[in-house]
Amino acid sequence: MEFLDLSQQISAGGTVRLPGSKSISNRVLLLAALAEGETEVRDLLASDDTERMLDALKTLGVGVDALAGESWRIKGCGGRFPVRQAELFLGNAGTAFRPLTAALALAGGDYVLRGVARMHERPIGDLVDGLRQLGGNVTYLANDGFPPLHLKPATIRAGGTVQVRGDVSSQFLTGLLMALPLTGETATVDVIGELISKPYIEITLAIMARFGVQVQREGWQRFTVPAGSRYVSPGTVYVEGDASSASYFLALGAIGGGPVRVEGVGRDSIQGDVRFAEALAQMGAEIEMGPNWMAARAPKSGLVAVDLDCNHIPDAAMTLATTALFAKGTTTLRNIASWRVKETDRIAAMATELRKLGAVVEEGEDFIRVTPADLKPAAIDTYDDHRMAMCFSLVAFGTPLRINDPKCVAKTFPDYFERFAGVTQAAPVVAIDGPSASGKGTVAARVAAALGFAYLDSGALYRLTALAAQRAGVDWADEERVAAIAAALDVEFLENEIRLDGQLVGDAIRTEAMSAGASKVAALPAVREALLFRQRAFNTKPGLVGDGRDMGSVIFPHAPLKVFLTASAEVRAERRYKQLIEKGLSANLTDLLLDLQQRDERDSQRSVAPLRQERDAKLLDTTGLTIEQAVDQVLVWSREALK
Ligand SMILES: O=C(O)C1=C[C@@H](OP(=O)(O)O)[C@@H](O)[C@H](O)C1
Ligand SMILES: C=C(OP(=O)(O)O)C(=O)O
């Protein structure tokens, strides 16, 4: 599986221009297609969900032309799709599936609508019931109440009243309202049960109005589409920035210092998720807002927990669940039952993944309660849910972590992680690589102490793996079993000691035999893979000095300082010889030199992460230098690089 390792982050600040709103984009596309006239749509969201809608419209015969930038020209078909028979694939886009179901059921024609497996588990029964009241011929192709659907030509009973349940998804009401002008008669929708996610209905009504249809309403209970309503292109439509996408950056500002400013959405927005800013303010964040921008910064006294009804911001509320990890006290998010029927069961997924990090989580049918704890590194599963991936990126302010399948963000925000990197600053790493006995261990440890950083002796991890394998009677060439040992290594780095399986290791990993073992197991790709995240997880606040052979090339490719530390083989052999003699061990200089040369050869020739000087690494040849001189040089470079 693909993954993305996020380093420990230390600060956030900057400006993000948001991608277009998903909810507005897909509504505008559908209404532009149903309208009379051509519509130019500017700043459309480019993502999986909007691609599903665009593909569907093309399949239905609608003229859809890409213009420069994120602009599109849609040639409206005046309520009658040219293609009368088609099969549509709508992925996991609720904003495409539900409204298209309604429009196609009332527009006549023979259509099959499918989605990804999860879409086939997301309910649509309440909408189908509503459409059947109007005479729509809709059948379930698999399970009753769920996609895929078959829509057949039918005689639509125009006019009158339709009842639709509003307590599972507001998209059913949205779908019906957007489709009703196709009947031409006065039609009234009565909402049964408490309508959820109300602000999304406001978006629907605002965009219908933009296309010339005024819906009359009695609160949230009854909506009437007047006779003779028809969609007319307003010419050009600008799509606002996505308010749900804004939530991650505002939270970053609130957690990581800030200010982080988002542009494209603000006080004048028609999206309910701008009210996420109020929730964040309740947690103590300092919020500023203009007509089409918002900014957040961390409070001096720290964030505090909240107890909130989140029914009005179901998507952005997920961001509060991970923000809660940085707030004092227990945060409760209530009235979020709809989370269970979205991209995944979001209450269960959120609880499971938060617990992996050490948080204390309680979940109920319609709430989640999060109590922060000391966070520990974990690999987070994202359940093909863009918001899981984006929400958990915030956790990097508490611990390094791995996000599995990060590309799922493509549903609404394909370049999310690039934007994340643009406004965050990771805890710095000084990566020191070099051949055996170059003195890199001593230099790295002293540089770490001088900077107040943590120290990672990555070679020790390979030596420990070799030792643990030997103790378990596993051959160093047995890739699969050695990798399993590496993955499960029970190791603890103390001040000047290492504990393996609870016991002090002492010099057992410093023998020549274990050097050879380390070199052998380090050549196995599966072993290196198993130790990858473990090593990255050492990069905590305020920073890390790591030494090894692939610190700068593989483990920390973005390290602000990379040093390639080396010395002539002869000098290295002499240093190693002296070390051994000082420890009272017997040694032979010629054998040591030969050994070193062989090891250099092996390390530089291996196919995975071979030892070499990275192009962006500084070369430090210590052949004629003392340790102090080498340390001083690295410190000078560090201070320059970490400024
Ligand atoms: O109409 C819309 O654009 C949306 C409505 C909400 O769904 P529910 O009404 O199912 O809560 C929201 O979660 C979804 O991301 C987009
Ligand atoms: C619920 C969501 O999507 P959909 O539009 O598919 O319902 C979402 O984006 O969080």
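Note that the structure is a prediction, hence the values are computed from the model and not measured. (Residues numbered from 1 in each chain as written. Chains lettered and ligands numbered in written order. Predicted model: local features only at pLDDT ≥ 70, side-chain atom pairs only at ≥ 80, totals over all residues. Heavy atoms only, no water.)

**Concerning the site of ligand 2**
Part 1 of the reasoning: Surrounding ligand 2, one finds 14 residues, the nearest of these being Lys22, Gly94, Arg122, Arg387 and Lys411.
Part 2 of the reasoning: A distance of 2.7 Å is found between an oxygen atom of ligand 2 and a side-chain nitrogen or oxygen belonging to Arg122.
Part 3 of the reasoning: Side-chain polar atom of Lys411 to an oxygen atom of ligand 2: 2.8 Å apart, as the coordinates give it.
Part 4 of the reasoning: Protein contacts shield 98% of the accessible area of ligand 2, which totals 300 Å² for the unbound molecule.
Part 5 of the reasoning: Going through the elements one at a time, helix H3 (94-107) and helix H11 (386-393) are the ones with two or more residues in the shell around ligand 2. (Near = heavy atom within 4 Å. Polar contact = N/O pair within 3.5 Å; in protein donor to acceptor, adjacent residues only side chain to side chain. Areas by Shrake-Rupley, 256 points an atom, 1.4 Å probe, with all protein chains shown as cover. Helix = DSSP H or I, 4+ residues; strand = E, 2+ residues; numbered from the N terminus.)

**What to know about the packing of aromatic side chains**
To describe a pair of aromatic rings, one takes the distance between the centres and the angle between the planes.
Part 1 of the reasoning: A complete count under the given rule lists seven aromatic pairs for this structure.
Part 2 of the reasoning: Both rings, one in Phe249 and one in Tyr416, keep their centres 5.6 Å apart while their planes meet at 50°; by these two values the pair is tilted. Remark: Tyr416 occurs in helix H12 (residues 416-423) and Phe249 occurs in helix H7 (residues 243-256); sequence separation between them is 167 residues.
Part 3 of the reasoning: Tyr416 gets classed as buried once you look at its relative accessible area, which sits at 0%. (Phe/Tyr/Trp six-rings, centres within 6.5 Å; stacked < 30°, edge-to-face > 60°. Buried < 20%, exposed > 50% of the residue type's maximum accessible area, 1.4 Å probe, protein only.)

**Concerning the pairing of strand E6 (residues 85-89)**
Part 1 of the reasoning: Side-chain alternation along E6 places Ala86 and Leu88 on a buried face and Gln85, Glu87 and Phe89 on a face that remains uncovered.
Part 2 of the reasoning: Taken together, E6, H3 and strand E7 (residues 110-114) constitute a β-α-β crossover, and its handedness is right-handed. (Right-handed = clockwise from strand over helix to strand, strands pointing away.)

**Some words on the pattern of salt bridges**
Part 1 of the reasoning: Counted according to the given criterion, the structure contains 43 salt bridges.
Part 2 of the reasoning: The partner of Lys411 in a salt bridge is Asp49, and the shortest N-O contact between them spans 2.8 Å. Note that Lys411 is positioned in the loop between strand E25 (401-404) and H12 and Asp49 in helix H2 (residues 48-59), a separation of 362 residues in sequence. Across this residue pair, the class does not change: Lys411 and Asp49 are buried.
Part 3 of the reasoning: Among the ionic pairs, Arg261 bridges to Glu263, the shortest N-O distance being 3.1 Å.
Part 4 of the reasoning: With a relative accessible area of 24%, Glu263 lands in the partly exposed category.
Part 5 of the reasoning: Through salt bridges with shared partners, a single network forms among Asp49, Asp315, Lys342, Glu343, Arg346, Asp385, Arg387 and Lys411. (Salt bridge = Lys/Arg side-chain N within 4 Å of Asp/Glu carboxyl O.)

**Considerations on the environment of Asp366**
Part 1 of the reasoning: Its place among the elements puts Asp366 in the loop between strand E22 (360-363) and strand E23 (368-371).
Part 2 of the reasoning: Relative accessible area serves as the criterion here: at 33%, Asp366 is assigned to the partly exposed category.
Part 3 of the reasoning: Non-local contacts of Asp366, meaning those with residues more than four positions away in its chain, are made with Leu333, Arg334, Asn335, Ile336, Ala337 and Ile347. (Contact = heavy atoms within 4.5 Å.)

**As for the site of ligand 1**
Part 1 of the reasoning: Close contacts around ligand 1 come from Lys22, Ser23, Arg27, Thr95, Ser169, Ser170, Gln171, Ser197, Tyr200, Asp315, Ser338 and Lys342, and that covers them all.
Part 2 of the reasoning: The separation between an oxygen atom of ligand 1 and a polar side-chain atom of Ser197 is 2.6 Å.
Part 3 of the reasoning: In the model, an oxygen atom of ligand 1 is placed 2.5 Å from a nitrogen or oxygen of the Asp315 side chain.
Part 4 of the reasoning: In the complex, 96% of the free accessible area of ligand 1, which totals 390 Å², lies under the protein chains.
Part 5 of the reasoning: For the shell around ligand 1, the element with the most residues is helix H1 (residues 22-34), which contributes three residues.
Part 6 of the reasoning: Of the domains in this structure, domain 1 (3-18 + 240-425) and domain 2 (22-217) are the two that each give at least three residues to the shell around ligand 1. (Domains from an automatic or database assignment.)

**Points about the sheet that holds strand E8 (residues 137-140)**
Part 1 of the reasoning: Read across the open sheet, the four strands follow the order E6-E7-E9-E8; overall the sheet is mixed. If you trace the sheet from one side to the other, it starts and ends with E6 and E8, each paired once. For this sheet, the mean inter-axis angle between neighbouring strands, taken without regard to orientation, is 15°.
Part 2 of the reasoning: Pairing of E6 with E7, which is carried by five bridges, proceeds in the parallel orientation. For Phe89, the partnering residue across the bridge sits in E7 and is Arg114.
Part 3 of the reasoning: Seen against the sheet, H3 touches E6, E7, E8 and strand E9 (149-152) and runs at an angle of roughly 170° to E7.
Part 4 of the reasoning: With respect to the sheet, helix H4 (residues 125-133) is in contact with E8 and E9, its orientation differing from that of E8 by roughly 150°. (Pairing = 2+ DSSP bridges. Axes fitted to C-alpha atoms, helices over the stretch in contact; angles between N-to-C directions.)

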